[in-house]
Amino acid sequence: MVDKNIYVTMPTLAPLDDVTELLKGVWERGIMTHNGPLVQCFEKETAKFLGLRNIVSVTNGTIAIQMAIRALKLKGEIITTPFTFIATVSSIIWEGCTPVFVDIDPETLNIDPSKIEEKITEHTCAILPVHVFGNPCDMESIQSIAKRHNLKVIYDAAHAVGVTYKGKSIFEYGDISTTSFHATKMLNTAEGGACFATDDDLHEKLKRLRFFGFDDHKDVVDDGTNGKMTEVHAVIGLANLKYLQLALDDRKEKYMLYKELLSQCPSLKFQRINGDCNYSYFPVIFPTEEILLEVEHKLNEEGIYPRRYFYPSVNTFTQILPYVEMPVSEDIAKRILCLPLYYNLDLCDLNRICSMIFDMKI
Ligand code: T4K
């Protein structure tokens, strides 16, 4: 049954024939996992596309963050943003560290570097910012704060596949960057993710960590986990990788069209992009939560389902964390809505969504 509703996103999928062709090889070899040939090929081809040397593919973007924390042997407080998906923060907690929130910049929606130093204590071991919606953080400021205080930096780049910053891949900044290849991301392996270390020893360590901590001789030399990507996920990734540039170009075109059309509504605000972006989401900031809810309701009536990424602000999850006020993040979280944006989104539907919002005269 074909679902005619329009959701916030849909995976960009290669033609099924591309996938079955690759799957045949998996069936013939019978190698399903444990760093098989297609996982290695996926890593090589993805690294080539992104202009990178080091990539360690893993099972998802959450385990990628956990492995990064473990690889850097972090203990104590990790400074992060409250305007993110819960996985950023739960990974910190799962690794036995304490998340310490720093509020965001209301324009870029990324962590506000001018507020980081006041949160640094003798227990702070790292900064873990997020490139929210693929928008690069102010990495110069973050790196210089980290250097001054001898802190590690992990960038949660779950949204940032394909983003470059100052001429190189965004994954080449900090000590480690992590990403997600979840079905909803720019490049998807259904479930999947990766770690990108800027140091070769760390890269080798991450490879061991994803494989129970084994070295090449099957000695356990690190405190590892099971983070291995399977051959089937690598098949999906390899097939989709061929269409990544097409998807990136398409996404940018649609983002720009949305922005042009919605700029006619003077009260709407958009994320300020810091240089390059992959335009993986189209977030709109409404003047009030009431107006957002009215727009959401009207779109829902037409079978259109935008999403409130990220709502509520993560610092308000009091079941798992003590509440600390984060006024900017809490305010933005209430007023932000991501409109449908994906490769198969029909331009007529995009125009229709914009007209519906425009007609509300907000
Ligand atoms: N860091 C950040 C900053 C993140 O945003 C995320 C994940 C992570 C870390 C962790 O990475 P992973 O461990 O997930 O690899 C989604 C994703 O599950 C999650 O990956 C993502 N961020 C988060 C922002 O969004 P939901 O709750 O929106 O998923 P769901 O099922 O409601 O899907 C949204 C829409 O996408 C649906 O309305 C329809 C469409 N869809 C979804 C799936 C799963 C499809 O068309 N096909 C599908 O298979 O979480």
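Quick note: structure is the one above.
Residues numbered from 1 in each chain as written. Predicted model: local features only at pLDDT ≥ 70, side-chain atom pairs only at ≥ 80, totals over all residues. Heavy atoms only, no water.

Caption draft 1: Highlighting the sheet that holds strand β12 (residues 282-285). In spatial order, the strands read β11-β12-β14; together these three strands make up an open sheet with antiparallel pairing. Two strands lie at the open edges of the sheet, namely β11 (269-270) and β14 (336-339), each paired on one side alone. Taken together, the two bridges between β11 and β12 define a ladder with antiparallel strand orientation. Residue pairing in the sheet places Phe270 in a bridge with Val284 of β12. (Pairing = 2+ DSSP bridges. Helix = DSSP H or I, 4+ residues; strand = E, 2+ residues; numbered from the N terminus.)

Caption draft 2: Fine view of the pairing of β14. Burial of the side chains of β14 extends over both faces: Ile336 and Cys338 are buried on one face and Leu337 and Leu339 on the other. In terms of strand pairing, β12 meets β14 through four bridges, oriented antiparallel. By the bridge assignment, Ile285 is partnered in β14 with Ile336. (Buried < 20%, exposed > 50% of the residue type's maximum accessible area, 1.4 Å probe, protein only.)

Caption draft 3: Broad picture of the site of the ligand. Among the 26 residues in the neighbourhood of the ligand, the closest are listed as Thr62, Asp156, Ser180, Arg307 and Tyr309. Note that a nitrogen atom of the ligand is positioned 2.7 Å from one of the side-chain N or O atoms of Asp156. Here Ser180 contributes a side-chain N or O atom positioned 2.7 Å from an oxygen atom of the ligand. With three residues, helix α3 (residues 61-71) is the largest single contributor of residues to the shell around the ligand. Tallied by class, the residues present in the shell around the ligand amount to twelve nonpolar, eleven polar and three charged. (Near = heavy atom within 4 Å. Polar contact = N/O pair within 3.5 Å; in protein donor to acceptor, adjacent residues only side chain to side chain. Nonpolar A, V, L, I, M, F, W, Y, C, P; charged D, E, K, R; others polar.)

Caption draft 4: The arrangement of the packing of helix α2 (residues 37-50) against helix α7 (residues 231-241) in detail. Interaxial distance between α2 and α7 falls to 8 Å at its minimum, and their mutual angle equals 30 degrees. Here α2 is positioned roughly parallel relative to α7, judged by the angle of their axes. Crossing handedness for the pair α2 and α7: left-handed. Here Pro37, Leu38, Val39, Cys41, Phe42, Glu45, Thr46 and Phe49 of α2 lie close against α7, whose contacting residues are Glu231, Ala234, Val235, Gly237, Leu238 and Leu241. (Axes fitted to C-alpha atoms, helices over the stretch in contact; angles between N-to-C directions. Parallel < 35°, antiparallel > 145°, perpendicular 65-115°, else oblique. Left-handed = near helix turned anticlockwise from the far one by under 90°. Contact = heavy atoms within 4.5 Å.)

Caption draft 5: Local environment of the environment of Asn60. In this structure, Asn60 sits in the loop between β2 (56-58) and α3. On the accessibility criterion, Asn60 (23% relative accessible area) is partly exposed. In sequence terms Asn60 and Leu350 are 290 residues apart; their C-alpha atoms lie 30 Å from each other. A polar atom in the side chain of Asn60 sits 2.9 Å from the backbone nitrogen of Thr62. A distance of 2.7 Å separates a polar atom in the side chain of Asn60 from the backbone nitrogen of Ile63.

Caption draft 6: α3, seen in detail. Counting buried residues in α3 gives nine out of eleven residues, a clear majority hidden from the surface. Along α3, the positions that sit buried rather than exposed are Gly61, Ile63, Ala64, Ile65, Gln66, Met67, Ala68, Ile69 and Ala71. Taking the backbone nitrogen of Thr62 as reference, a side-chain oxygen 2.9 Å away marks Asn60 as the first, capping residue of α3.

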